[in-house]
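# Report on the structure
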Amino acid sequence: MAGGAMVSAGTGKEYAGKMTLYVFLTCIIAATGGLIFGYDIGISGGVTNMDPFLKKFFPSVYRKKNLDKSVNQYCKFDSQVLTMFTSSLYLAALCSSFFASWMTRKFGRKLTMLLGGAVFLAGSAINGAAKDIAMLIIGRILLGIGVGFANQSVPLYLSEMAPARYRGFLNMFFQLMITIGILAANIINYFTDKIHGGWGWRVSLAGAAVPAGIITIGALFLPDTPNSLIERHPENPEIARSMLRRIRGTDDIEEEHRDLVAASIASNKVEHPWRNILKRKYRPQLVMAILIPFFQQFTGINVIMFYAPVLFKTVGFGNNAALASAVITGGVNSLATLVSIFSVDKFGRRLLFLEGGAQMLLCQIAVGTLLGVKFGTSGVAHISKSYANLVVFFICVYVAGFAWSWGPLGWLVPSEIFPLEIRSAGQSINVSVNMLFTFLIAQAFLTMLCHMKFGLFYFFAFWVVCMTIFVYFFMPETKNVPIEEVVLVWRKHWFWSKFISDDDIPEGIEIPNGSGKKTVA
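Bear in mind that the values here come from a model prediction, so they are computed numbers and not experimental data. (Residues numbered from 1 in each chain as written. Predicted model: local features only at pLDDT ≥ 70, side-chain atom pairs only at ≥ 80, totals over all residues. Heavy atoms only, no water.)

## Structural notes on the overall build of the protein chain
- Within the protein chain, the regular secondary structure consists of 23 helices and zero strands.
- Out of the 521 residues in the protein chain, the part that is buried amounts to 61%.
- Within the protein chain, residue pairs in contact and separated by at least 24 positions form 79% of the contacts whose partners lie at least 6 positions apart.
- Accessible area for the protein chain stands at about 18,500 Å²; split by element, carbon and sulfur atoms hold 68% of it. (Helix = DSSP H or I, 4+ residues; strand = E, 2+ residues; numbered from the N terminus. Buried < 20%, exposed > 50% of the residue type's maximum accessible area, 1.4 Å probe, protein only. Contact = heavy atoms within 4.5 Å. Areas by Shrake-Rupley, 256 points an atom, 1.4 Å probe, with all protein chains shown as cover.)

## Examining empty space enclosed by the protein
- For the structure on display, the rule yields six cavities of 30 Å³ or more.
- For the largest cavity, the calculated volume is near 190 Å³.
- As for the largest cavity, its lining consists of 20 residues, and the residues nearest its centre are Tyr-15, Ala-162, Ala-164, Arg-248 and Glu-256.
- Of all the secondary structure elements, the ones that give two or more residues to the lining of the largest cavity are helix 7 (133-161), helix 11 (226-232) and helix 13 (254-268).
- Considering only residue class, the lining of the largest cavity consists of nine nonpolar, three polar and eight charged.
- For the second largest cavity, the calculated volume is near 150 Å³.
- Around the second largest cavity, the lining comprises 15 residues; the ones closest to its centre are Ile-41, Gln-175, Ile-178, Asn-302 and Phe-402.
- Of all the secondary structure elements, the ones that give two or more residues to the lining of the second largest cavity are helix 2 (33-47), helix 8 (167-192), helix 15 (283-297), helix 16 (301-315) and helix 20 (406-416).
- Tallied by class, the residues present in the lining of the second largest cavity amount to eight nonpolar, seven polar and no charged. (1 Å grid on protein atoms, 1.4 Å probe; cavity = no way out; pocket = protein on both sides within 12 Å on 5 of 7 lines; lining within 4 Å. Points joined across faces, edges and corners; volume = space filled by probe spheres on them. Nonpolar A, V, L, I, M, F, W, Y, C, P; charged D, E, K, R; others polar.)

## Remarks on the nonpolar core
- Grouped together as the largest cluster of nonpolar side chains are 131 residues, with contacts concentrated most on Phe-53, Trp-406 and Met-435.
- The element best represented in this core is helix 21 (residues 420-452), accounting for 13 residues.
- The residues touching Trp-406, leaving out its near neighbours within four places in the chain, are Ile-292, Phe-295, Gln-296, Thr-299, Phe-353, Met-360, Met-467 and Val-471. (Core = buried A, V, L, I, M, F, W, Y, C linked by side-chain atoms within 4.5 Å.)

## Examining a nonpolar patch on the surface
- On the surface, Val-465, Ile-469, Tyr-472, Phe-473 and Trp-494 cluster together into a nonpolar patch covering about 530 Å² of accessible area.
- The exposure class assigned to Trp-494 is exposed, which follows from its relative accessible area of 52%. (Patch = residues over 30% accessible without salt bridge, like charges linked within 9 Å, V, L, I, M, F, W, Y side chains within 5 Å. Salt bridge = Lys/Arg side-chain N within 4 Å of Asp/Glu carboxyl O.)

## Describing the packing of helix 21 against helix 22 (residues 455-474)
- Look at helix 21 against helix 22: their axes get within 8 Å of each other, and the N-to-C directions meet at 125°. With respect to helix 22, the element helix 21 is oriented oblique. Residues Ile-441, Phe-445, Met-448, Leu-449 and Met-452 of helix 21 form the contact with helix 22, whose own contacting residues are Gly-455, Leu-456, Phe-459 and Phe-460.
- Within the contact of helix 21 with helix 22, the residues separate by chemical class into eight nonpolar, one polar and no charged. (Axes fitted to C-alpha atoms, helices over the stretch in contact; angles between N-to-C directions. Parallel < 35°, antiparallel > 145°, perpendicular 65-115°, else oblique.)

## Focus on the pattern of salt bridges
- Tallying each qualifying case throughout the model produces 14 salt bridges.
- Notably, a salt bridge pairs Asp-40 with Arg-140, separated by 2.4 Å at the nearest N-O pair. Taken together, the residues Asp-40 in helix 2 and Arg-140 in helix 7 connect sequence positions 100 residues apart.
- We classify Asp-40 as buried; its relative accessible area is 2%.
- Accessibility expressed as a relative area gives 0% for Arg-140, which makes it buried.
- Across the pair Glu-231 and Arg-109 runs a salt bridge, and its minimum N-O distance is 3.6 Å.

## Describing the packing of helix 15 against helix 22
- Their axes nearest at 9 Å, the elements helix 15 and helix 22 cross at an angle of 145°. Once helix 15 is placed against helix 22, the crossing between them reads as left-handed. Note on element contacts: helix 22 touches helix 15 through Phe-460, Trp-463, Cys-466, Met-467, Phe-470 and Phe-474, opposite Val-287, Met-288, Leu-291, Phe-294, Phe-295 and Gln-297.
- A class-by-class count of the residues in the contact of helix 15 with helix 22 yields eleven nonpolar, one polar and no charged. (Left-handed = near helix turned anticlockwise from the far one by under 90°.)

## Focus on the packing of aromatic side chains
- Per the stated rule, a full pass over the model turns up 41 aromatic pairs.
- Lying over the aromatic face of Tyr-22, Arg-246 brings its terminal NZ or CZ to 3.9 Å of the ring centre.
- Taking NZ or CZ as reference, Arg-350 lies 5.9 Å from the ring centre of Tyr-472, over its face. (Phe/Tyr/Trp six-rings, centres within 6.5 Å; stacked < 30°, edge-to-face > 60°. Lys NZ or Arg CZ within 6 Å of the ring centre and 35° of its normal.)

## Overview of the side chain of His-257
- With respect to the helices, strands and loops of the structure, His-257 is situated in helix 13.
- Among residues more than four places away in sequence, those in contact with His-257 are Ile-230, Pro-237, Ala-240, Arg-241 and Leu-244.

## Describing helix 20
- Burial within helix 20 is extensive, with eleven of its eleven residues counted as buried.
- Those residues of helix 20 that fall on the buried side of the exposure criterion are Trp-406, Gly-407, Pro-408, Leu-409, Gly-410, Trp-411, Leu-412, Val-413, Pro-414, Ser-415 and Glu-416.

## Focus on the environment of Ser-497
- Along the chain, Ser-497 falls in the segment after helix 23 (487-492).
- Measuring from C-alpha to C-alpha, the distance between Ser-497 and Lys-281 comes to 9.2 Å, with 216 residues separating the pair along the chain.
- Each residue touching Ser-497, except ones within four places of it in the same chain, is listed here: Trp-490 and Arg-491.

Structure below.
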């Protein structure tokens, strides 16, 4: 190994280089793309709990919430038009992710981030000035396009810039920014709800311009990744070499550059990545790109984050108490994500997935049982402060379990498992599946709550059991594995090795059975 490179437990190779201040700062700036996603997740639930907002745009919900005492507690917010306000963003993000996939491949990750921030900025302005539901939905669609672009480009950017041994650490900052965005939105909702005159919701919605401005301006100063430079400028390899030297803090970059070039050569041979991703040898990555975001949404986390104030109001909290409880869960979310940042490259992805799954399962059963005992199916009951605090406690423990497992890892793992030739297509599938089920759950949650009542938490607990079993048997460990050598992880796995032969290992990578090392032609 050149340059005294350390040996990786995953593949037997680790490139020279270290964590440089330059890489750390660029990754932090890029990760702020998560702020726009998080801010929106947090802001929508609080705004839909504000009476002036409901009175202006959703008067029927306002009447059910405040005037009609005969409505079941579980059903006070059941309105497809109201949920469309929240979920329309994710439908737009789903559609835009396919175009964003082409953009990241053709024009690079940086430009995709920049465009996403600019479109999100326009959407926040329209939402803040909205006079009718049509303006609200148009603004939400623009926000969704921005989210789709950011969620496509940011995780890829972080995984490609980071040294292998710090990839988990740096990629987790995307999820940390999402949680900070959620927390900031919850705090803003708490204070804007107190504004006299009934226009506080406009401040909340227009406030999305702040995170949008941060990523838009920040993207102007970001460099492109070496992977993207090689892919888009094969005629000038010195551009990528220069970038590698800068981000790795060493001149000993030839081995990594050679592997990136080999990956780029393979990538350029692929004319139709969307068709190519269906090949048998990519079956493990395709399954993960579909099931990981599917399972991430079926943890039930967005039920908590979208509708935390609504949920706490349903449990029996007053308006301000509901918003305050949402601030608490948002704070827990951010702090627990730090646990993942500092442990993911030490303990690995699998351990965090498994522990988080067990923790979320226990908490969902506890919350469902507490609500069932108190409300039954009638949804009518007085809930004491201590009982309500117990519900909040279990929800916070649940949020912590998600925040150091399925939250950040749901973005990290898919971004690091695809070879370059199908990376943009694979990430697009990941984002689109994530947004599809985010949309479906956001659209269906209030109706599900009305009909399933406390059983909704048992419903999500069932899916947590399924996803934890899936991780145990089918998800290999990817910590410390160079991003272009993750294919070896699948080749050695007891199940996925059936789909990958030695001939499918890219040139320049050692075959795990020790039969030799392919060299770049």
